[in-house]
Protein chains: 2
Amino acid sequence: MNEISSILLDNAVNEFAKLPGIGRKTALRMVLHLLRQSENDVEAFGNAMIDLRHGIHYCDICHNISDTDVCSICTDVSRDSKTICVVENIKDVMSIEKTQQYKGLYHVLGGVISPMNGIGPSDLEIASLVERVKNGDVEELIFALSPTMEGDTTCFYISRRLQNDSIKMTVLARGVAVGDELEYADEVTLGRSIVNRMPFDYNK
Amino acid sequence: MNEISSILLDNAVNEFAKLPGIGRKTALRMVLHLLRQSENDVEAFGNAMIDLRHGIHYCDICHNISDTDVCSICTDVSRDSKTICVVENIKDVMSIEKTQQYKGLYHVLGGVISPMNGIGPSDLEIASLVERVKNGDVEELIFALSPTMEGDTTCFYISRRLQNDSIKMTVLARGVAVGDELEYADEVTLGRSIVNRMPFDYNK
């Protein structure tokens, strides 16, 4: 027998424990916390999740998460529509937006090519990216994928698909992280950062 | 402006971030995980929380969490109804049940006396405990409250209220934790464990 004497409680704990990184002990703590809140608050919590899952859209153009058919980034006329930043998932869009350093548009692939996991080019939003480039006035494609084997493969595949289009393709700068101690940087990163050294600019 | 481009997503993240120990970054990770689940799974998650909050009962007798008016522990005739274990909250009931060492009943106070936090005896289920003792055939009351100032005060208050009733009152044994290194035990605990030393029993 379980030490929890309520089926409703047990059920709620089980649902919580399905979340990543949440064990049964943490789940119980969360659920007991919810139990102490008002009925309205708990309803707001539960309904926020249900409404999100039911109501969520993905932008028809860039496949970023959105409440409407076309997301607020794609509809923003103040942004540079000539530049598209290619990212793996919507979390990457949020990370880049947070830096406030980028004013172009995005394209969310929904993953990277990974034969080991059975993910091929057709599982990703690559065809729609190629179409965007061919039909639009895109001048630069920035590959902001993880510097892994899969990320590099995906960059390579897309660049081959677009090699006949005269667009500029760039990748994120790779090098020593800002604030990192040099002695702790791994040798591949350090090696690349020497090869790709930049002109010293006092203002940056 | 927020880096999250969806009000529904932002709303769900805000709700999650209200939980104890969950920051916005973890909340976002949880919500993005839910987004990848099927609509049915997310509905099950949200509804489990709402149903719990709406449907939950507290046992009329011991105030433990229950799906019915009287909990499964109080209705279990195989348990010893002459012994009541007094605990602070429902989590303590679960902890003690998990040990499988106790076969009596419980009484959940719903807190401990804490003048600093404005919690007096009338805010707790003390009157109903006194009534249970006076009306029933209770022989022993086990105080399983935390060994803190507030816990001790609560034990003292209840024992004074019941001093004219001829019942046995006990507290949890205090001493060195099983498996602890002696050198790391704090001196108050170690001191008490010497004063309250027990006869050596080979079988325990």
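Residues numbered from 1 in each chain as written. Chains lettered and ligands numbered in written order. Predicted model: local features only at pLDDT ≥ 70, side-chain atom pairs only at ≥ 80, totals over all residues. Heavy atoms only, no water.

A.B. asks: Whenever I open this one, the domain arrangement of chain A confuses me. Can you help?
C.D. replies: Interface size is commonly expressed as the accessible area that is lost once the parts come together. Each assigned domain of chain A is listed here: domain 1 (7–55) and domain 2 (73–199). The centre of domain 1 of chain A, based on its C-alpha atoms, is set 36 Å off from the matching centre of domain 2 of chain A. (Domains from an automatic or database assignment.)

A.B. asks: So what exactly am I meant to see when it comes to unusual backbone geometry here?
C.D. replies: Excluding glycine, residues mostly carry a negative phi; peptide bonds, for their part, are mostly trans. Phi is positive for H63(A), close to 65 degrees, though the residue is something other than glycine. Its place among the elements puts H63(A) in the loop between β1 (57–58) and β2 (65–66). (Helix = DSSP H or I, 4+ residues; strand = E, 2+ residues; numbered from the N terminus.)

A.B. asks: Can you walk me through the side chain of R79(B) in this structure?
C.D. replies: Looking at the element boundaries, R79(B) is found in the loop between β2 (65–66) and β3 (80–87). Reaching out from R79(B), the side chain makes a polar contact with the backbone oxygen of Y102(B) at a distance of 3.2 Å. (Polar contact = N/O pair within 3.5 Å; in protein donor to acceptor, adjacent residues only side chain to side chain.)

A.B. asks: Explain the interface of chain A and chain B here, please?
C.D. replies: Counting residues at the interface gives 53 residues for chain A and 53 residues for chain B. Counting the contacts that link chain A with chain B gives two salt bridges. Across the pair E39(A) and R53(B) runs a salt bridge whose closest N-O atoms are separated by 3.9 Å. Counting every contact that joins chain A to chain B gives 12 residue pairs in polar contact (both at pLDDT 80 or more). When residues of the side of chain A that touches chain B are traced back to their parent elements, those giving at least two are α1 (7–17), α2 (24–36), α3 (39–55), β2 and α4 (90–99) of chain A. It is α3(A) that provides the largest number of residues to the side of chain A that touches chain B, a total of 16 residues. Across the side of chain A that touches chain B, the residue classes tally to 27 nonpolar, 13 polar and 13 charged. (Contact = heavy atoms within 4.5 Å. Salt bridge = Lys/Arg side-chain N within 4 Å of Asp/Glu carboxyl O. Nonpolar A, V, L, I, M, F, W, Y, C, P; charged D, E, K, R; others polar.)

A.B. asks: Teacher, can you tell me more about a positive patch on the surface here?
C.D. replies: Taken together, the side chains of K25(A), R29(A), R36(A) and K91(B) present a region of like positive charge at the surface. Of all the elements, α2(A) adds the most residues to the positive patch, at three residues. Structurally, R29(A) can be placed in helix α2. (Patch = residues over 30% accessible without salt bridge, like charges linked within 9 Å, V, L, I, M, F, W, Y side chains within 5 Å. Areas by Shrake-Rupley, 256 points an atom, 1.4 Å probe, with all protein chains shown as cover. Lys, Arg positive; Asp, Glu negative; His and termini not counted. Charge placed at Lys NZ, Arg CZ, Asp CG, Glu CD.)

A.B. asks: Help me understand the relation of the copies chain A and chain B, please; the structure alone is not making it clear to me.
C.D. replies: Relating one copy of the chain to the other takes a rotation about an axis and a shift parallel to that axis. Superposition record for chain A on chain B: RMSD 0.1 Å, screw rotation 179 degrees, translation along axis 0.1 Å. Expressed as a symmetry operation, the mapping of one chain copy onto the other fits a two-fold axis. Considering only C-alpha atoms, the part of chain A nearest the rotation axis is G46(A), at 1.9 Å. Same-surface contact between copies: 100% of interface residues of chain A are shared with the interface of chain B. (Least-squares fit on C-alpha atoms with pLDDT ≥ 70 in both.)

A.B. asks: I would appreciate a short explanation of the packing of helix α5 (residues 126–135) of chain A against helix α6 (residues 149–161) of chain A in the present structure.
C.D. replies: Geometry of a packed helix pair, given as the angle between the helix axes and the separation of the axes. Residues and elements named next belong to chain A. Orientation of α5 relative to α6, taken along the N-to-C sense of each, is 40 degrees, at an axis distance of 11 Å. Taken together, α5 and α6 sit at an angle that is classed as oblique. Note that α5 runs across α6; the crossing there is right-handed. From α5, I126, A127, L129, V130 and K134 reach across to α6, where they touch Y157, I158 and R161. Considering only residue class, the contact of α5 with α6 consists of six nonpolar, no polar and two charged. (Axes fitted to C-alpha atoms, helices over the stretch in contact; angles between N-to-C directions. Parallel < 35°, antiparallel > 145°, perpendicular 65-115°, else oblique. Left-handed = near helix turned anticlockwise from the far one by under 90°.)

A.B. asks: Help me out: how do you make sense of the sheet that holds β3(B) in this one?
C.D. replies: Across a sheet, paired strands are connected by hydrogen bonds in the backbone, their directions being either parallel or antiparallel. Residues and elements named next belong to chain B. Strands sit in the order β4-β3-β5-β6 across an open sheet of four strands; the sheet is parallel. Looking at which strands have only one partner, the edges of the open sheet turn out to be β4 (104–108) and β6 (168–171). Recorded for the sheet is a direction-independent mean angle of 25 degrees between the axes of neighbouring strands. Alignment of strand β5 (residues 140–143) against β6, held across four bridges, turns out to be parallel. Its bridge partner being in β6, E140 is matched across the sheet by K168. Those strands touched by helix α5 (residues 126–135) are β3, β4 and β5, and its axis lies near 150 degrees from that of β4. (Pairing = 2+ DSSP bridges.)

A.B. asks: Can you walk me through the packing of aromatic side chains in this structure?
C.D. replies: Where two aromatic rings form a pair, the distance of their centres and the angle of their planes describe that pair. Scanning the model with the defined rule gives eight aromatic pairs over all chains in all. With 6.2 Å between their ring centres and 50 degrees between their planes, F45(A) and F45(B) make a pair best called tilted. Here the residue F45(A) occupies a position in helix α3, and F45(B) occupies one in helix α3 (residues 39–55), the pair thus bridging two chains. Assessed through its relative accessible area of 2%, F45(A) is described here as buried. Residues F16(B) and F45(B) carry aromatic rings whose centres are separated by 6.3 Å and whose planes lie at 10 degrees to one another, so their mutual orientation is stacked. Separated by 29 residues along the polypeptide, F16(B) in helix α1 (residues 7–17) and F45(B) in helix α3 bring together distant segments of the chain. The same class applies to F16(B) and to F45(B), which are both buried. An aromatic cluster is defined as three or more aromatic residues linked by ring pairs; in this entry it consists of F16(A), F45(A), F16(B) and F45(B). (Phe/Tyr/Trp six-rings, centres within 6.5 Å; stacked < 30°, edge-to-face > 60°. Buried < 20%, exposed > 50% of the residue type's maximum accessible area, 1.4 Å probe, protein only.)

A.B. asks: I'm lost on the side chain of D10(A) in this one. Help?
C.D. replies: All names here are of chain A. Within the element layout of this structure, D10 appears in helix α1. According to the relative accessible area criterion, D10 is buried, its value standing at 19%. Among the polar contacts listed, one links the side chain of D10 to the side chain of R24, at a separation of 3.3 Å.

A.B. asks: Sorry, what's going on with the sheet that holds strand β3 (residues 80–87) of chain A here?
C.D. replies: All names here are of chain A. Read across the sheet, four strands follow the order β4-β3-β5-β6 without closing on themselves; strand pairing throughout is parallel. The open sheet terminates on both sides in strands that have one partner only, identified here as β4 (104–108) and β6 (168–171). This sheet shows a mean twist of 25 degrees between the axes of neighbouring strands, independent of strand direction. Of the pairings in the sheet, the one linking β3 to β4 comprises five bridges and is parallel in character. For V87, the partnering residue across the bridge sits in β4 and is V108. Along the sheet face, α4 touches β3 and β4 and points at about 160 degrees away from the line of β4. The strands touched by α5 within the sheet are β3, β4 and β5 (140–143), with β4 carrying the most contacts at an inclination of about 150 degrees.

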